[in-house]
Amino acid sequence: MADEAEEAKAPEASEGEASGEKEKKRGFLFVAIVVLVLLAATGGAAYWFGVIPGLGPSAQESLEEGGEPADPHAKKLSLGPTMALDPFIVNLADPDGKRYLKANIEVEFYGERVPEGMHEVMPQLRDSLLTLLTSKSFEDIRTPEGKQALREEIIARLNQSLKTDSVKGVYFTEFIIQ
């Protein structure tokens, strides 16, 4: 009788162990599938957003002879050499004289580097820009169009002071009117 009871318990125990192993395998399989899906999604996103350059057949098709992208929008924006100027804090030419401008300006140049001798002429450049900025009123520079006109005037003044056309662009990295 005792043998019969042990035999009856033995199949139940082996069934319980087998179901526990099946649950472990299912859990492992579920985790493995989730990891594979996440890896595939990450790889797809990296390909889609161009994080991995040169991946896939379209990368070779999009290149012209000489290694340039066929699509002009695919080219990266190239920024020439730049030089940050010290911040400008000036009173604006408003009738009540209570407004002032704080501007940080970054100057972009043509060529491969900042022109030689920039530091020697910096006092003249700053004086020219201070004179220009203090001649502006709030109404002159409050709109995007006014800021663009100011950029163009700054480029013209810098090129005139440098006696060359070496300034390509001007960027306001901070522009506060109070």
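The rules behind each value
Residues numbered from 1 in each chain as written. Predicted model: local features only at pLDDT ≥ 70, side-chain atom pairs only at ≥ 80, totals over all residues. Heavy atoms only, no water. Helix = DSSP H or I, 4+ residues; strand = E, 2+ residues; numbered from the N terminus. Buried < 20%, exposed > 50% of the residue type's maximum accessible area, 1.4 Å probe, protein only. Contact = heavy atoms within 4.5 Å. Areas by Shrake-Rupley, 256 points an atom, 1.4 Å probe, with all protein chains shown as cover. Pairing = 2+ DSSP bridges. Phe/Tyr/Trp six-rings, centres within 6.5 Å; stacked < 30°, edge-to-face > 60°. Lys NZ or Arg CZ within 6 Å of the ring centre and 35° of its normal. pLDDT = per-residue confidence, 0-100.

So what exactly am I meant to see when it comes to the overall build of the protein here?
Summing up its helical and strand segments, the protein has five helices and four strands in all. Reading the secondary structure of the protein in the N-to-C direction produces α-α-β-β-β-α-α-α-β. Taking all 178 residues of the protein together, the buried fraction comes to 21%. Excluding contacts between residues fewer than 6 apart, the proportion of contacts in the protein whose partners are at least 24 apart in sequence is 65%. When the accessible surface of the protein is totalled, it reaches about 13200 Å², and 57% of it is carbon and sulfur.

What am I meant to see in the pairing of strand 2 (residues 88–91) here?
Looking along a regular strand, one sees the side chains alternate between the two faces of the sheet. Side chains of strand 2 alternate between two faces, with Phe88 and Val90 buried and Ile89 and Asn91 left unburied. As defined by bridge partners, strand 2 adjoins strand 3 (residues 100–109) across four bridges and the pair is classed as antiparallel. Among the inter-strand pairings, Phe88 is bridged to a residue of strand 3, identified as Ala103.

Which parts of the structure should I look at to understand the packing of aromatic side chains?
To describe a pair of aromatic rings, you give the distance between the ring centres and the angle between the ring planes. Using the criterion set out here, one finds one aromatic pair in the structure. One cation-aromatic arrangement involves Arg99 over Phe138; the distance from NZ or CZ to the ring centre is 3.9 Å. Arg126 extends its terminal NZ or CZ atom over the ring of Phe88, reaching a point 4.1 Å from the ring centre.

What should I look at first to understand the confidence of the model for the protein in this one?
Low pLDDT means the predicted atomic positions in that stretch should not be read closely. For the protein, the average pLDDT comes to 80, and 71% of its residues sit at 70 or higher. Confidence scores differ between elements of the protein, with helix 2 (residues 57–61) showing the lowest mean pLDDT of 46 and strand 3 the highest of 96.

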